[in-house]
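# Commentary on secondary and tertiary structure
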Amino acid sequence: ERFNKMHAGARELGFENFPAMRGQLNFDKLTNSAAKILEKTESRYVSALAAVLLREADVSIDEAAAADLPYLQRYARFDAFFTREQMLWIYRELFSNLGFSTYEQSNIELDSAVRPGKQPQAFCSPIRVPDEIKLSFNLTVGQRSYSELLRAAGHAQASAWTSRNLPPEFQIGGDAGVVEAWAMLFENLLLDESWLMSTFGFVESAEFRRSLAVLRTMKLRRQSAKLIYETEFHFEKLSSGAGQRYAELMTDAVRVQFDGAECLREVSDDFRPADFMRAAAFEAQMRDYLKTKFGSRWWASAKAGEMLIDLWNTGQQYSVEELAAMIGLGELDFDCLYEELSDQHSA
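Predicted model, so just to flag it, every value in this text is computed and none were measured.

Let us look at the side chain of Gln157. Its place among the elements puts Gln157 in helix 5 (residues 143-160). With a relative accessible area of 0%, Gln157 lands in the buried category. Within polar-contact distance, the side chain of Gln157 engages the side chain of Tyr91 at 3.2 Å. Apart from residues no more than four positions distant in its own chain, Gln157 is found in contact with Tyr91, Phe95, Phe100, Thr102, Gln105, Ile108 and Trp312.

Listed below in structure tokens is the structure:
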């Protein structure tokens, strides 16, 4: 009923349909790119997922269900490398290597305190951009905790370096894909062999990186399927069988059994999967650009840090497509993304 009212409201406002309210999104191109990602990553993903499920969760791919995924995503076998004692130091060292001191960032408040009821996942809360940014996390062991911290740190730094001279709508209310892209850029350091070795002394990391690549591909395939589903849903092509279509798309994408009862709970009002996919394409190109311009260890270059600060200074004034054009990356390249995914499974 809520979605029906939203769709009707869009028409009353003069739009052809609800997706037309997000006029800057090319839904045909995005859904085609999503379908291509699903097609191009299928073979390697399925074989790699089957091996990881059997090894880590002791369940075959034919027996696995969506309820098995949270355990798999924890991927705790190499957690000895990711200790709680190093966490805060690694956060500070990462940005120090990029040329600035987190100790001097009075606009970012770090909350690592333990208290009852605190959210377990790390998150960034931009209260007043750029003057009051909260970065909350728990000092806990494990790669999942580091992944969440790196994501939140990317969001926090982008917010903290946003220009005070921008109008509020460009400080916090622009393209959500931009925020997601900066979060991904730092989260994906966990897939970088050199960063793992220099930061954690993790020398033999090939199996770890391949397994994380499976989880990354799973997330991208899941968001691709959700994008296709949401587009059909909000274009009102699913007057019946919405649950069945959801279960079909998600099961085919992730390769574990999904229940159609989740379909309405999973649908977003603001096309989050579209923002996620656009961010993923931009991040892959941006990371390749940083490596080309500043070397494979771009994350240890103060010049790379200066460039990132210049981009963060624009806040959300530009979309990821506009940022890509400004930097000289060209159009968002989804081909680059699925080729990278395929390569990571065999790295």
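Both strand 1 (residues 108-111) and strand 3 (residues 132-136) contribute to a ladder of four bridges, which runs parallel. Paired with Ile108 across the bridge in strand 3 is Ile133. Of the pairings in the sheet, the one linking strand 2 (residues 123-128) to strand 3 comprises five bridges and is antiparallel in character. Looking across to strand 3, one finds that Phe123 is bridged to Ser136. Counted between consecutive antiparallel strands, the loop separating strand 2 from strand 3 contains three residues.

Another aspect to go through is the environment of Gln121. You can see Gln121 is positioned in the loop between strand 1 and strand 2. Classification of Gln121 by relative accessible area gives partly exposed; the value is 36%. Each C-alpha atom of the pair Gln121 and Glu169 lies 27 Å from the other, and the pair is 48 residues apart in sequence. In contact with Gln121, other than residues within four places in its own chain, are Ser136 and Glu148.

Two elements in contact, helix 9 (residues 206-234) and helix 12 (residues 272-294), have axes separated by 8 Å at closest approach and are oriented at 140°. The pairing of helix 9 with helix 12 is recorded here as oblique in orientation. In this structure, helix 9 meets helix 12 at a crossing whose hand is left-handed. Along the contact surface, helix 9 presents Arg216, Lys219, Leu220, Gln223, Ser224, Lys226, Leu227 and Glu230, while helix 12 presents Arg272, Pro273, Ala274, Phe276, Met277, Ala280, Glu283 and Arg287. A breakdown of the residues in the contact of helix 9 with helix 12 according to their chemical character gives seven nonpolar, two polar and seven charged.

Rules and cut-offs
- Residues numbered from 1 in each chain as written.
- Predicted model: local features only at pLDDT ≥ 70, side-chain atom pairs only at ≥ 80, totals over all residues.
- Heavy atoms only, no water.
- Helix = DSSP H or I, 4+ residues; strand = E, 2+ residues; numbered from the N terminus.
- Buried < 20%, exposed > 50% of the residue type's maximum accessible area, 1.4 Å probe, protein only.
- Polar contact = N/O pair within 3.5 Å; in protein donor to acceptor, adjacent residues only side chain to side chain.
- Contact = heavy atoms within 4.5 Å.
- Pairing = 2+ DSSP bridges.
- Axes fitted to C-alpha atoms, helices over the stretch in contact; angles between N-to-C directions.
- Parallel < 35°, antiparallel > 145°, perpendicular 65-115°, else oblique.
- Left-handed = near helix turned anticlockwise from the far one by under 90°.
- Nonpolar A, V, L, I, M, F, W, Y, C, P; charged D, E, K, R; others polar.

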